[in-house]
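The residues making up each chain are set out below.
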Amino acid sequence: MTSPNLHELQVLNSRDNQYISESIPPITEPSLPAMVHETEIPSLPPTDHGRQAYLVLAACTLIQAPIWGFSLSFGVFQEYYSSNATFSSSPGSIAIVGTTLNGLMYLMMPVSFTLLTRYPYIRPYTGLCGLFIMGTSFILSSFSTQFWQLFLTQGILCAIGCSLLFSPTSLYLDSWFVSRKGLAYGTIWAGKSAAGVVFPFIMSSLLSRFGAKVTLQAYSIALAITTAPLLWVLKPRIPFTRSATPPPLSFTFLRLPAFWMLQLGNVIQSLGYLLPTTYLSSYAHTLGYPAITGALLIAVFSLASIPGALFHGILGDKLRPTTVILISSLGSTIASFVFWGLATGIALLAIFTILYGFFAGGFSSTYSGVLRELKEENERNEMAAGRSESGISHIDTGLVMGFLLGARGVGFLVAGPLSSAILGGWKSAEFAYGSDFGKLVVFTGVTAFFGSWGWMWKRLKGIVN
């Protein structure tokens, strides 16, 4: 095997690559550069380009629709269940199903990403298992007649299935894209946003024509037909094997101050991220606009998130992640305080929805840059401590991604009850600030601003030093 082959087998960060490297002798050439980065093995499919890489990217993007379609449409189901005589006894409780669904999906990801990083050969079965659980949850929920049944099937079972379906697809993508990782992740988040544009209208039409039972059963069948072929397309770049002993997981990123500072900003941003889409319909109703206005504004938010996700993902491949996070945070902050806070009509509300969707909707696309930043910092620490002569980073990027997504789940779960507690405004104030949503406007703007805490910490650290 040639020297470039050996280089990649030593530096590839994903755990599935380490299964192969166990059988390769160590490199002894003294002329190797001090800092070795991810390169390509000629005998393997290339990273970042080529037919197979783009097929995986396309499949990962399309599969976001079944993963997120129901959760992004839950507001439609919430309205249906609340107005249905079967569930009318507990209309306020229905919202708990939606917040549990979104929060649990994210909270499971650190666990699922850890297991799939440790045992990569189970990834193909995990996706199929997740698809089966999702389909089962929708079939069972179609027969629900009480709140607790909805909570168990749609709030918990569906969340488990969605998380198991999402985790392996993200890890596959991570191994196929290296230098263009930001563009790849931006593309799949854009796919999620596209589902948020289409699915609420599809579900609303089906519910009004056929009711929840037929809609959920039809969705379960459509889910299996459309998703199973996509799972077949998803293949690892380097084949898995069970013969090698699974290497120990690397949690060295937990020792990096940068991880905790960026993670803190991630949690703060998630606390306010969902509030506009949760309360825009209600605020538009208080201004005298028909119910369809809220649905259209939420669709515009998702539509604006598509270019936002791509924009921030591409920037993440070129700039420091803290800089990209700052751009996202400042854009979201200005949109909240100026255009939502001063909105008394549909024009400013529409401008707010577009700007907030673009900037806040692109926040998750900064994760690829965060992964790169943490790898580089860990390399510097290892070199300084004399523990790594080659500058190879021992951080599992898939594992870090799971923890970043899990932190968003914490924010989403806390945001529900917290937003209910701070509903209200200042009677002496004008515009949206004087309405019942005034404090929510401020809270959204503040959390968006401090989402850039990683950038702030970096600047404060520089001043102190």
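No experiment lies behind these values; they were computed from the predicted model shown.

Caption draft 1: Geometry of the overall build of the protein. Along the protein, the regular secondary structure elements total 19 helices and zero strands. Partitioning the contacts of the protein with sequence separation of at least 6, the portion at a separation of at least 24 is 82%. As displayed, the protein has an accessible area near 19,300 Å², and 69% of this comes from carbon and sulfur atoms.

Caption draft 2: Local environment of the side chain of Thr114. Along the polypeptide, Thr114 turns up in helix H7 (residues 109-118). Given the relative accessible area of 16%, Thr114 is considered buried. Among the polar contacts made by the side chain of Thr114, one reaches the main-chain carbonyl oxygen of Pro110 at a distance of 2.6 Å. Apart from the residues lying within four places of it in its own chain, the contact partners of Thr114 are Met109, Leu249, Phe251, Leu399 and Phe403.

Caption draft 3: Summary view of the pattern of salt bridges. Per the counting criterion, the structure on display carries four salt bridges. In this structure, Glu373 engages Lys458 in a salt bridge whose closest nitrogen and oxygen atoms are separated by 3.5 Å. With Glu373 in helix H16 (residues 367-385) and Lys458 in helix H19 (residues 453-464), the pair connects residues that are 85 residues apart, well separated along the chain. What makes Lys458 partly exposed here is its relative accessible area of 28%. Each of the salt bridges in this network shares a partner with another, and the network as a whole consists of Arg320, Glu373, Glu376 and Lys458.

Caption draft 4: Local environment of the packing of helix H13 (residues 291-316) against helix H15 (residues 346-360). Closest axis-to-axis distance for the H13/H15 pair is 6 Å, and the angle between their directions is 35 degrees. Crossing of H13 over H15 shows right-handed handedness. Taken together, the residues of H15 that come into contact with H13 (itself represented by Thr293, Leu297, Val300, Phe301, Ala304, Ser305, Pro307, Gly308, Phe311 and His312) are Ile346, Leu349, Ala350, Thr353, Ile354, Tyr356, Gly357, Phe358 and Phe359. Class assignment for the residues of the contact of H13 with H15 results in 13 nonpolar, six polar and no charged.

Caption draft 5: Representation of the nonpolar core. In this structure, Phe70 and Leu405 are the most contacted members of the largest nonpolar core, which totals 91 residues. The biggest single contributor to this core is helix H10 (residues 181-233), with 15 residues. In this view, Leu405 contacts Tyr106, Met109, Phe113, Phe166, Trp189 and Tyr367; residues no more than four positions away in its chain are not counted.

Caption draft 6: Geometry of the environment of Gln263. Considering the arrangement of structural elements, one finds Gln263 in helix H11 (residues 257-273). Residue classification places Gln263 among the buried residues on the basis of a relative accessible area of 9%. Gln263 sits 142 residues away from Leu405 along the chain, and the two C-alpha atoms are 9.7 Å apart. In this structure, Gln263 is in contact with Phe403, Leu404 and Ala407, ignoring residues within four places of it in sequence.

Caption draft 7: Representation of a nonpolar patch on the surface. A surface patch of nonpolar side chains, amounting to about 260 Å² of accessible area, comprises Leu107, Val410, Leu413 and Val414. Here the element with the most residues in the nonpolar patch is helix H17 (residues 397-421); it accounts for three residues. Mapped onto the elements, Val414 comes out in helix H17. By relative accessible area, Val414 is classed as partly exposed at 39%.

Caption draft 8: Spotlight on the packing of aromatic side chains. Going through the model one piece at a time under the given rule, you end up with 30 aromatic pairs. A ring pair is formed by Phe259 and Trp260, whose centres lie 5.1 Å apart and whose planes are at 75 degrees; its orientation type is edge-to-face. Under the relative-accessibility criterion, Trp260 is labelled partly exposed at 44%. Pairwise contacts between aromatic rings join Trp68, Tyr106, Phe113, Phe166, Trp189, Tyr273, Phe301, Trp340, Phe352, Tyr356 and Phe412 into one cluster. Positioned over the ring face of Trp68 is Lys192, at 4.2 Å from the centre of the ring.

Caption draft 9: Looking closely at the side chain of Thr293. Within the secondary structure layout, Thr293 lies in helix H13. According to the relative accessible area criterion, Thr293 is buried, its value standing at 10%. When sequence neighbours within four positions are dropped, the list of residues in contact with Thr293 reads Ala284 and Ile346.

Caption draft 10: Here's a closer look at the environment of Phe113. Tracing the sequence through the fold places Phe113 in helix H7. Overall, Phe113 belongs to the buried group, its relative accessible area being 0%. Taking the C-alpha atoms as reference, Phe113 lies 5.3 Å from Gly402; in sequence the two are 289 residues apart. In this structure Phe113 touches Phe166, Ser167, Ser170, Leu171, Gly398, Leu399, Met401, Gly402 and Leu405, once residues within four positions along its chain are discounted.

Caption draft 11: Summary view of unusual backbone geometry. For Asp48, which is not glycine, the phi torsion reads 70 degrees and is therefore positive. Here Asp48 shows up in the loop between helix H2 (15-21) and helix H3 (51-62). In this structure, Phe431 is a non-glycine residue whose phi angle is positive, near 60 degrees. Relative accessible area serves as the criterion here: at 42%, Phe431 is assigned to the partly exposed category.

About the criteria used
Residues numbered from 1 in each chain as written. Predicted model: local features only at pLDDT ≥ 70, side-chain atom pairs only at ≥ 80, totals over all residues. Heavy atoms only, no water. Helix = DSSP H or I, 4+ residues; strand = E, 2+ residues; numbered from the N terminus. Contact = heavy atoms within 4.5 Å. Areas by Shrake-Rupley, 256 points an atom, 1.4 Å probe, with all protein chains shown as cover. Buried < 20%, exposed > 50% of the residue type's maximum accessible area, 1.4 Å probe, protein only. Polar contact = N/O pair within 3.5 Å; in protein donor to acceptor, adjacent residues only side chain to side chain. Salt bridge = Lys/Arg side-chain N within 4 Å of Asp/Glu carboxyl O. Axes fitted to C-alpha atoms, helices over the stretch in contact; angles between N-to-C directions. Left-handed = near helix turned anticlockwise from the far one by under 90°. Nonpolar A, V, L, I, M, F, W, Y, C, P; charged D, E, K, R; others polar. Core = buried A, V, L, I, M, F, W, Y, C linked by side-chain atoms within 4.5 Å. Patch = residues over 30% accessible without salt bridge, like charges linked within 9 Å, V, L, I, M, F, W, Y side chains within 5 Å. Phe/Tyr/Trp six-rings, centres within 6.5 Å; stacked < 30°, edge-to-face > 60°. Lys NZ or Arg CZ within 6 Å of the ring centre and 35° of its normal.

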